[in-house]
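Descriptive structure summary
Given next are the chains, with one letter for each unit.
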Amino acid sequence: MKITVLDASPALAGLNLTELERLGELTVHAHTTLEELPGRLAEAQVVVLNKVRLSVEAFAVAPALKLVTVLATGHDVVDGAAARAAGVTLCNVAGYSTASTAQHAVALLLELSNQVGRHAASVAAGAWQTRGIWSWAETPLVELSGKTLVVVGYGAIGSRIGQVAEALGMRVLPVTKTQRAGTYSLEQALPQADVVLLQCPLTPATNALVNAAFLAALRPGALLINCARGPVVDEAAVAAALHSGHLAGFATDVLSTEPPAPDNPLLSAPNTLITPHNAWATGASRERLLAETCANIRAFRDGAARNVVNA
């Protein structure tokens, strides 16, 4: 099989691709532009991609293509119906980054609470010597024990975060799409929240879920963390709540546009932490992603369906 990786960076950067090479004639591109796409699809039988978009027009210039496997759980970059109409199987990889994303969300929670990075940078800049006292804090330090964490989206990642939060002494209120025993609606949970953590999928119902009304339902001084998808948050509304002081802090790994436009209001908002969409990207997580992708291709070669999302 002729296997073409359209955008190996950052998902596969630095990984050993020997197993992928064993599966066929491998061509690897770090990035692919829209202009480069037709040439790179012309002879490909298997395409591996992460963020490159494949539309109806793309399948029209890929006569040999039989399989597309996405280096992610979300597969909206590929027109699944167009792939099916062209006789192309579409696969994804689910669950590979659960541990890493949960860990990152907890890191953001702890950074908002303890400001470890800020204080370490201050010490490195000489602030401890300047102050001349044995202990100090640039910002109020928040003890999480006894606080209430609302987790919006209580799937594999959300529930794992909840377990860690409970170990820290927090009370966890899960908010789920379908109400069941032990879960809460937003209306029930938000007024009780000290911290809200977003871990829900992006759907029409969750697009701009965090808007002015959502924020107004929170008690003054709450913290907000987003490790879901950027468009779940109305960024202007969150920036306004941070500037007013109603929201005490915001941490996010995702933005509505990535990389962000220079005028994104969150870039200049106070008490804001932004990481560059790398919650998923530990070495262990990316190794699992590669292994699962190889397994998808191997299964397809052997006539089996695995992680197919456009059957």
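Bear in mind the structure is a predicted one, so any value in this text is a computation, not a measurement. (Residues numbered from 1 in each chain as written. Predicted model: local features only at pLDDT ≥ 70, side-chain atom pairs only at ≥ 80, totals over all residues. Heavy atoms only, no water.)

1. Here we look at the overall build of the protein
A tally of helices and strands in the protein yields twelve helices and eleven strands. With respect to the three principal axes, the spread of C-alpha positions in the protein is 65 × 50 × 35 Å. Every one of the 311 residues in the protein was classed for burial, and the buried ones make up 46%. Accessible surface, the protein: about 14800 Å² in total, of which carbon and sulfur atoms supply 56%. Between the mean site of the 21 positive side-chain charges and the mean site of the 24 negative ones, the protein shows a separation of 6 Å. (Helix = DSSP H or I, 4+ residues; strand = E, 2+ residues; numbered from the N terminus. Buried < 20%, exposed > 50% of the residue type's maximum accessible area, 1.4 Å probe, protein only. Areas by Shrake-Rupley, 256 points an atom, 1.4 Å probe, with all protein chains shown as cover. Lys, Arg positive; Asp, Glu negative; His and termini not counted. Charge placed at Lys NZ, Arg CZ, Asp CG, Glu CD.)

2. Structural notes on the pairing of strand 7 (residues 171-175)
A large share of strand 7 lies buried, amounting to four of its five residues. Here strand 6 (residues 148-152) pairs with strand 7 via five bridges, running parallel. Among the inter-strand pairings, Leu-149 is bridged to a residue of strand 7, identified as Val-172. Once you follow strand 6 into helix 8 (residues 156-167) and on to strand 7, the crossover reads as right-handed. (Pairing = 2+ DSSP bridges. Right-handed = clockwise from strand over helix to strand, strands pointing away.)

3. Regarding the sheet that holds strand 2 (residues 25-28)
Overall, parallel pairing links the five strands, which are arranged 2-1-3-4-5 in an open sheet. In this open sheet, the two strands that pair with only one neighbour each are strand 2 and strand 5 (89-91). Direction aside, the axes of adjacent strands within the sheet are offset by 15° on average. With four bridges connecting them, strand 3 (residues 46-49) and strand 4 (residues 67-70) associate as parallel partners. Across the sheet, Val-46 pairs through a bridge with Leu-67, a residue of strand 4. Relative to the sheet, helix 12 (residues 283-301) contacts strand 1 (2-5), strand 3, strand 4 and strand 5, its axis offset from that of strand 4 by approximately 160°. (Axes fitted to C-alpha atoms, helices over the stretch in contact; angles between N-to-C directions. Contact = heavy atoms within 4.5 Å.)

4. Describing the pattern of salt bridges
One pass over the full model with this rule turns up nine salt bridges. Lys-2 is paired through a salt bridge with Glu-43; the nearest N and O atoms lie 3.0 Å apart. Of this pair, Lys-2 sits in strand 1 while Glu-43 is found in the loop between helix 2 (37-41) and strand 3, placing the two residues 41 residues apart along the sequence. The salt bridge involving Arg-306 is made with Glu-292; its shortest N-O contact spans 2.9 Å. One end of the pair, Arg-306, is in the segment after helix 12; the other, Glu-292, is in helix 12, and 14 residues separate them in sequence. Classification of Arg-306 as partly exposed rests on a relative accessible area of 27%. (Salt bridge = Lys/Arg side-chain N within 4 Å of Asp/Glu carboxyl O.)

5. Regarding the sheet that holds strand 6
Ordered in space as 7-6-8-9-10-11, the six strands form an open sheet in which the pairing is parallel. Bordering the open sheet on either side are strand 7 and strand 11 (272-274), each of which pairs with just one other strand. Adjacent strand axes in the sheet meet at a mean angle of 15° when their direction is disregarded. When strand 8 (residues 195-198) meets strand 9 (residues 222-226), the two strands line up parallel, connected through four bridges. Of the residues in strand 9, the one forming a bridge with Leu-197 is Ile-225. The strands touched by helix 11 (residues 235-244) within the sheet are strand 9, strand 10 (247-252) and strand 11, with strand 10 carrying the most contacts at an inclination of about 140°.

6. Some details on the packing of aromatic side chains
In total, this model carries zero aromatic pairs according to the counting rule given. Between the NZ or CZ atom of Arg-131 and the centre of the ring of Trp-136, over which it lies, the distance is 4.2 Å. (Phe/Tyr/Trp six-rings, centres within 6.5 Å; stacked < 30°, edge-to-face > 60°. Lys NZ or Arg CZ within 6 Å of the ring centre and 35° of its normal.)

7. Structural notes on the state of the cysteines
The full count for this structure, using the stated rule, is zero disulfides. Note on Cys-200: no disulfide assigned, nearest cysteine sulfur contributed by Cys-227 at a separation of 11 Å. On the basis of relative accessible area, Cys-200 is assigned to the buried category, the value being 7%. Free of any disulfide, Cys-294 has its nearest cysteine sulfur in Cys-91, 13 Å distant. (Disulfide = S-S within 2.5 Å.)

8. Topic: the nonpolar core
Generally speaking, a soluble globular protein has its nonpolar side chains buried in company with each other. If you look at the biggest cluster of nonpolar residues, it comprises 31 residues, and the most contacted ones within it are Val-196, Leu-198, Leu-215 and Val-238. Those elements that provide at least two residues to this core are strand 6, strand 7, helix 9 (186-189), strand 8, helix 10 (212-216), strand 9, helix 11 and strand 10. When residues in this core are grouped by element, the largest group, five residues, is from helix 11. Here Val-238 is in contact with Val-210, Leu-215, Leu-224, Val-233, Leu-247, Phe-250 and Leu-266, once residues within four sequence places are set aside. (Core = buried A, V, L, I, M, F, W, Y, C linked by side-chain atoms within 4.5 Å.)

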